[in-house]
Amino acid sequence: MLKLEYDKKQIEDVVDRIVKKTMNMDLTWDWPCGVAYYGIGEAFEKTGRQEYLRLLKDRVDEMIELGLPTAWTVNACAMGHCLVTLYQATGEQKYYDIIMSKIEYLKKDALRFGDRVLQHTVSPNNDFPEQAWADTLFMAALFMLRVGVMNDDRELIEDALNQWQWHIRYLQNPSSGFYYHGYDNIAGDHMSGIYWGRANAWAAYTMSMVGGLLPQCYLYPAYIDVAGSLNEQLAALKTVQTENGLWRTVLDDEESYEEVSASAGIAVAMLERGNALHGKYINKAITGLLNNISEDGKVMNVSGGTAVMRDKEGYRGIPKAWIQGWGQGLALAFFSTLLVSDTIAKDGAM
């Protein structure tokens, strides 16, 4: 059992401050909003505070009334997460209809390559031909799994698990356990070959969620790959945690800055996995993350949107001065999960 050291009242206050700051952001219908509002949904579900649901519902209803995008992308499917939360909490059909329009896009229209692997897309264009990015695991695979479980749709569940299996093969280095940012199937390489911090967070956090979301996960052979990959990744990640309890924007580069969204995503993956040996690393992360939350709820030192850069210098140069939806959302996922960490069901010896 994890032995964690934190003040519940302090964490509840931090969650509340981050929620309020996030809802003051002028986020639009795309992935920064999707990750941020995923965090709001996590705060609602983990704390039970109806105020958070009301804030989320009022804002999403306003955005729906203003008009939805004319075309979906893999990144924009991240908004499906908050719609799942809203539909499950309210039962309102309008949320379900938008959810299923995103699922139809992912099934029929989203660009794929190889064995039905989703190509990462950020616009209606063919942005990155036959490229797999770790980001897709949060934006699409986790969303597909949530809807598949909700609808008892075995085909959709298998499709989601297939995304993890192939992203594991394409992106994880079996020698180091770390994940590369992206893979180019045409060139057959990892482009700059960088272990980007937030890519590792997308992979670790989403994989850590599969066992808890998927009933009888042990009956799916693909889940063995997910659990095995995560175990090796977390064992590697603990070795590059900094003295401040954080992880760097390039994991194995001491000249790279500590990056808070990656740190929150990796730390919450450790929470979800529930390995008692990780308790000391989570405790360090609690301190490190708390030190990066401003009084008004801004999650600080979060790197801006990041393409697969040419080299380490490219990653080191990404600004981290501004508030970002993904920083807010991943921090909320961590602190909200921390509040219920003693109730998380484990998947046994996997």
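In this report, we go over the structure that sits alongside the text. On a predicted model such as this, the values are computed, not experimentally measured, just so you know.

This next bit is on the overall build of the protein. When its secondary structure is counted, the protein shows 13 helices and 6 strands. Relative to the globule expectation of 20 Å for 350 residues, the C-alpha radius of gyration of the protein, 18 Å, shows essentially globular dimensions. When the backbone C-alpha atoms are referred to their principal axes, the protein occupies close to 50 × 45 × 40 Å. Put simply, of all contacts in the protein between residues at least 6 apart along the chain, 71% involve residues at least 24 apart. For the protein, the accessible surface area stands at approximately 13,900 Å², while carbon and sulfur atoms represent 48% of it. Distance between charge centres in the protein, computed from 32 positive and 45 negative side chains, equals 4 Å.

It is worth spelling out the nonpolar core at this point. Residues Tyr 37, Leu 106, Trp 164, Phe 334 and Phe 335 are the most contacted members of the largest nonpolar core, which totals 129 residues. Looking at which element gives the most residues to this core, the answer is helix H6 (residues 136-150), with 10 residues. Residues within four places of Phe 335 in sequence aside, it is in contact with Ile 11, Val 14, Val 15, Ile 18, Leu 289, Leu 290 and Ile 293.

Another point: the state of the cysteines. All told, the structure shown has 0 disulfides when counted by the stated rule. Cys 33 carries a free sulfur, and the closest cysteine sulfur to it, the one in Cys 82, is 6.4 Å from it. Judged by its relative accessible area of 0%, Cys 33 is buried.

The phi torsion of most residues other than glycine is negative, and most of the peptide bonds are trans. We note that Arg 116 has phi near 60°; this positive angle belongs to a residue other than glycine. Here Arg 116 shows up in the loop between strand E1 (112-113) and strand E2 (117-118). The phi dihedral of Glu 130 is positive, around 55°, even though this residue is not glycine. The residue Glu 130 is located in the loop between E2 and strand E3 (131-133) in this model.

Side chains that are three or four residues apart share a direction in an α-helix, a result of its 3.6 residues per turn. For helix H2 (residues 31-47), which comprises 17 residues, the first-to-last C-alpha distance of 24 Å matches the rise-based estimate of 24 Å (1.5 Å per residue) to within 8%. With 14 of 17 residues buried, H2 is to be regarded as a mostly interior element. Looking one or two residues past H2, Gly 48 carries a phi angle of roughly 75°, positive in sign.

Tallying each qualifying case throughout the model produces 21 salt bridges. For Lys 20, the salt bridge goes to Glu 51, with nearest N and O atoms at 3.4 Å. Separated by 31 residues along the polypeptide, Lys 20 in helix H1 (residues 8-23) and Glu 51 in helix H3 (residues 50-66) bring together distant segments of the chain. A relative accessible area of 34% places Lys 20 in the partly exposed class. Across the salt bridge formed by Arg 54 and Asp 58, the nearest N and O atoms sit 3.8 Å from each other. Highlighted residues: Arg 54 and Asp 58, both in helix H3, separated by 4 residues, approximately one helical turn. Overall, the relative accessible area of 44% leaves Asp 58 in the partly exposed class. Counted as one network, the salt bridges with shared partners bring together Asp 16, Lys 20, Arg 49 and Glu 51.

Conventions we followed
Per-chain numbering applies: the sequence of each chain, read as written, is numbered from 1 onward. Thresholds applied to this predicted model are a pLDDT of at least 70 for local features of residues and 80 or more for the giving and counting of side-chain atom pairs; totals over whole chains, interfaces and linings are not thresholded and use all residues. Heavy atoms throughout the structure, all of them, feed into the side-chain values; hydrogens and water do not. Each helix corresponds to a stretch of at least 4 residues labelled H or I by DSSP, and each strand to a stretch of at least 2 residues labelled E; elements are numbered beginning at the N terminus. It is over C-alpha atoms that the radius of gyration is taken, and the globule rule equals 2.2 Å times the number of residues to the power 0.38. Residue contacts are defined here by distance: any two heavy atoms, one from each residue, within 4.5 Å place the two residues in contact. All accessible-area figures derive from a Shrake-Rupley calculation using a 1.4 Å probe, and residue coverage is judged against the displayed protein chains alone. Just so you know, the count uses Lys and Arg for positive and Asp and Glu for negative, and it drops His and the chain ends. In plain terms, the charge of a residue is placed at NZ if it is Lys, CZ if Arg, CG if Asp and CD if Glu. Throughout, nonpolar core names a set of buried Ala, Val, Leu, Ile, Met, Phe, Trp, Tyr and Cys residues whose side chains join them through atoms within 4.5 Å. Think of it in three bands: with a 1.4 Å probe and only protein chains considered, a residue is buried below 20% of the maximum accessible area for its type, exposed above 50%, and partly exposed in between. Cysteine sulfur pairs qualify as disulfides if the two atoms are within 2.5 Å. A helix is expected to span 1.5 Å multiplied by its residue count minus one. Should a side-chain nitrogen of Lys or Arg be within 4 Å of a carboxyl oxygen of Asp or Glu, the pair is scored as a salt bridge.

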